[in-house]
Structure formats: structure tokens, C-alpha cells
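# Reading the structure
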Amino acid sequence: MTDSTNGRPRERHRGAVTLRRDSIPPSTADQKLLDSQNREEWKTKDAWRALRILSEFVEGFDTLADLPPAVSVFGSARSAPDSYECELAESLGAALAEQGYAVITGGGPGVMEAANRGVTEAGGLSVGLGIELPFEQGLNDWVDVGIDFRYFFVRKTMFVKYAQAFVVLPGGFGTLDELFEAITLVQTKKVTRFPVILMGTEYWGGLLDWMKRRMLDDGKISAADLDLIQVTDDVAEAVRIIMDADQSHGQH
């Protein structure tokens, strides 16, 4: 069986293992872990899964511990290479590299690939944290250091632990997931000194308006919570925000 987009065999990366064609199982490791229907597996398999989860944390910590200061960049895997957000991501990656930052993405296509390309072509370090998905994408060719994870929550830890900031470009559910998780971690002071920057003012405008009209007006969040998000279309401004946050705390 081949991938209809490139004629190559379908494949899925599961940690160090690569599966192709009929060897690809119908479900992922995350699906099996979170499936509440197979209760009989809870006692027989979950303890072993805990060891596998621990091994993913160890692999991630060991691989990424020596990274220079880094910025996690998020955005859609579905964006076309000539789209506004991909051009923005590539410019952002290059600008961050010029200031000595590594760039961490999900390692996939679209915005992620553009950001990885930008930092690599500018001579910086490009990191991709992949994930096992039913619709496997694989790491893009611009990743210098790549890790394939089975479990989303392990991967999310790596995005936050080794980054000085989040920059969020136009994207879908996965991008929104990372955005709101980052905001929640900053709001609850689980992480500090952590800018969260939205790039693409037109794309994010409706969401921000809704947050102001509904969440803020209904008292679900405070005005200070909205101040946790900074919005710009200017690459230089985004980099300045990140550098100012670092310098104010004696970093970088």
C-alpha cells in the first residue's frame, strides 16, 4: 500500500521502530492507552506501558538536555508552502537562528517544515518532535535533531521544558491545543518567564474578540489573563519580545 501523495510505501514511526504497509496496526499507542473500552488490559498491559512512557521521557531528556536556548513554533501541517503563514514561519526561523536560538517544531510539514527550514538555512539548530498518528507524516527533511514519540503528553512536556517561548502561527485543533495549554501553564504559574506570541493577526482576530466578548465579559478570565498573549505580524517584534523576556531574567 502506498501513500497517494508521493507514491512511497505508507509507514509509521513508533519510537525507534518503523512500520510499513500491512505491518502498520489499526491503532496507535496513545489510542490503546486511553481506550476505556478494553478494561481487561488495564491490569495486564498498563504497567508495561508505564515503563515505555518512562523510556520516552528518558530519551527526550537525554537528547534535548544540551540544546541552546530554544523557541517552540506551532502551526498547521496543512498549510501550503507558498502560504502567508509558511513564509512567516520561515522568516521567523531564520531570525531566531540569527539570535542564537534553536527552533523546536512538531517536525511535520506545512508551517512546521517552514520554520525548520528557516532556522536550518540560517545556520541554526532545527529540532522536530514527531508523534505517532494514524495518518503518519514523518519528520520533514529540515530537522537536524528529531525524536518520534508514541505519547502526546510526553511530547508536550518536551515542547515546554526546552523552550524559552511559544510562537503560534495559524493552525487547527493541534495548534489550539498547544496554545491553550501554554496559556494555562503561564496563568497558573506552572511555567514563568514564558512569552506566548500569536502571529497572524487576521487569523487570530476572531478568537481574541470572542475571548474578550464572552470569556472576559462573563468573568471567566481576567484582563491580566489576556495580557499573557501577545499578537504581532512582525517577525522582528516577535524576536524582540522573546529576547526582552530572556534579558530581563539574565538569560541568553
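Above this text is the structure in question.
First, a word on what this report is: a plain description of the structure on this page. Every value quoted in this text rests on a predicted model; they were computed, and no experiment measured them. Counting from 1, residues in each chain are numbered in the order their sequence is written. The predicted origin of the model limits local features to residues at a pLDDT of at least 70 and limits the giving and counting of side-chain atom pairs to 80 or more, whereas totals for whole chains, interfaces and linings rest on all residues. Side-chain measures were taken over the full set of non-hydrogen atoms in the model, leaving aside hydrogen atoms and water.

## Some words on the pattern of salt bridges
Filter applied, for reference: Whenever a carboxyl oxygen of Asp or Glu lies within 4 Å of a side-chain nitrogen of Lys or Arg, that contact is scored as a salt bridge. Helical segments are the DSSP runs of H or I of at least four residues, strand segments are the runs of E of at least two, and each set is numbered from the N terminus. Each residue is assigned to one of three classes by its accessible area relative to the maximum for its type, calculated with a 1.4 Å probe on protein chains only: buried under 20%, partly exposed between the two thresholds, exposed over 50%.
Throughout the structure, instances matching the rule amount to eight salt bridges. Salt-bridge contacts for E121 lead to R117; the nearest nitrogen and oxygen are separated by 3.2 Å. Note that E121 and R117 are positioned in helix α5 (residues 111–121) at a spacing of four residues, about one turn of the helix. Residue classification places E121 among the partly exposed residues on the basis of a relative accessible area of 47%. Across the salt bridge formed by R240 and E237, the nearest N and O atoms sit 3.8 Å from each other. Here E237 and R240 lie together in helix α10 (residues 235–247), a separation of three residues that amounts to about one turn. A single salt-bridge network, built from bridges that share partners, covers E90, R117 and E121.

## Section: the packing of aromatic side chains
How we decide: Only Phe, Tyr and Trp rings take part, Trp by its six-membered ring, and two of them pair if their centres are within 6.5 Å. Stacked means planes under 30 degrees apart, edge-to-face means over 60, and tilted covers everything else. Consider the ring centre and the ring normal. A charge sits over the ring if Lys NZ or Arg CZ is within 6 Å of that centre and within 35 degrees of that normal.
If you walk through the whole model with that rule in mind, you get six aromatic pairs. Aromatic side chains Y203 and W204 sit 5.0 Å apart centroid to centroid with 85° between the ring planes, which places their arrangement in the edge-to-face category. Looking at Y203, the relative accessible area reads 45%, which means it is partly exposed. W204 sits in the buried class, given a relative accessible area of 1%. Cation over ring: K161 sits above F61, and NZ or CZ is 5.5 Å from the ring centre.

## Some remarks on the pairing of strand β4 (residues 102–105)
Let me state the cut-off plainly: Two strands qualify as a pair provided that DSSP identifies no fewer than 2 bridges between them. A crossover gets the label right-handed when its path from the first strand over the helix to the second runs clockwise, viewed with the strands pointing away from the viewer.
Of the two faces of β4, the one lined by A102 and I104 and the one lined by V103 and T105 are each fully buried. Two strands pair when backbone bridges link them, and strand β3 (residues 70–74) and β4 are joined in this way by three bridges, in the parallel orientation. In the sheet register, V71 faces β4, and the bridge partner there is V103. Where the polypeptide runs from β3 across helix α4 (residues 84–98) and back to β4, its parallel neighbour, the crossover connection is right-handed. Following the chain from β4 across α5 to the adjacent parallel strand β5 (residues 126–131), one finds a crossover that is right-handed.

## Thoughts on the packing of helix α3 (residues 46–64) against helix α6 (residues 152–161)
How we decide: Geometry is summarised by axes, namely lines fitted to C-alpha atoms with helices restricted to the contacting stretch, and by angles between N-to-C directions that run from 0 to 180 degrees. Under this scheme an angle from 65 to 115 degrees is roughly perpendicular, one under 35 degrees roughly parallel, and one over 145 degrees roughly antiparallel; angles in between are oblique. Working rule for handedness: look at the near helix, and if it is turned counterclockwise from the far one by less than a right angle, call the crossing left-handed; if clockwise, right-handed. When checking whether two residues touch, look at their non-hydrogen atoms; a contact exists if any pair is within 4.5 Å. Following the grouping adopted for this structure description, the nonpolar residues are Ala, Val, Leu, Ile, Met, Phe, Trp, Tyr, Cys and Pro, the charged ones are Asp, Glu, Lys and Arg, and the polar ones are all others, Gly among them.
In contact at an axis separation of 10 Å, α3 and α6 are set at 25° when each is read in the N-to-C sense. In terms of axis orientation, α3 runs roughly parallel to α6. Pair α3 / α6 crosses with right-handed handedness. Here I53, E56, F57, G60, F61 and L64 of α3 come into contact with α6, specifically with F153, V154, T157, M158 and K161. Here the residues of the contact of α3 with α6 are counted per class, giving seven nonpolar, two polar and two charged.

## Regarding unusual backbone geometry
Negative phi values dominate among residues other than glycine, just as trans dominates among peptide bonds. For K189, which is not glycine, the phi dihedral falls at a positive 60°. Tracing the backbone through its elements, the reader meets K189 in the loop between α7 (173–187) and β8 (196–199).

## Examining the side chain of E56
Inspection of the secondary structure puts E56 in helix α3. The class for E56 is buried, based on a relative accessible area of 5%. With near-sequence residues (within four places) excluded, E56 lies in contact with D148, F149, R150, Y151, V154 and M158.

## Considering the environment of I183
Of note, I183 is situated in helix α7. Between the alpha carbons of I183 and L228 there is a distance of 6.9 Å; along the sequence they are 45 residues apart. The contacts of I183, once residues within four sequence positions are left out, are V196, L228 and I229.

## A short note on a nonpolar patch on the surface
To keep it simple, the criterion reads: What makes a patch is a set of residues exposed beyond 30% relative accessible area and free of salt bridges, joined within 9 Å when like-charged and within 5 Å when nonpolar (Val, Leu, Ile, Met, Phe, Trp, Tyr). Surface accessibility in these figures is a Shrake-Rupley result with a 1.4 Å probe; residues are shielded only by whichever protein chains are displayed.
Judged by side-chain polarity, W48, L51, L54 and V58 come together as a nonpolar surface patch covering roughly 470 Å² of accessible area. Position of L51 relative to the elements: it lies in helix α3.

## Regarding α5
Taken together, the buried positions of α5 are V111, M112, A114, A115, N116, G118 and V119. The elements touched by buried residues of α5 are β3, α4, β4 and β5. Directly after α5, the chain includes G123, whose backbone phi takes a positive value near 90°.

## Thoughts on the sheet that holds strand β6 (residues 145–149)
Within a sheet, adjacent strands bond to each other through the backbone by hydrogen bonds, running parallel or antiparallel. Strand order across the open sheet formed by seven strands is β6-β5-β4-β3-β7-β8-β9, with parallel pairing between neighbours. Where the open sheet ends on each side, the last strands, each with one partner, are β6 and β9 (229–232). The sheet shows a mean angle of 20° between the axes of neighbouring strands, direction not considered. Bridging between β3 and strand β7 (residues 165–168) involves four bridges; their strand directions are parallel.

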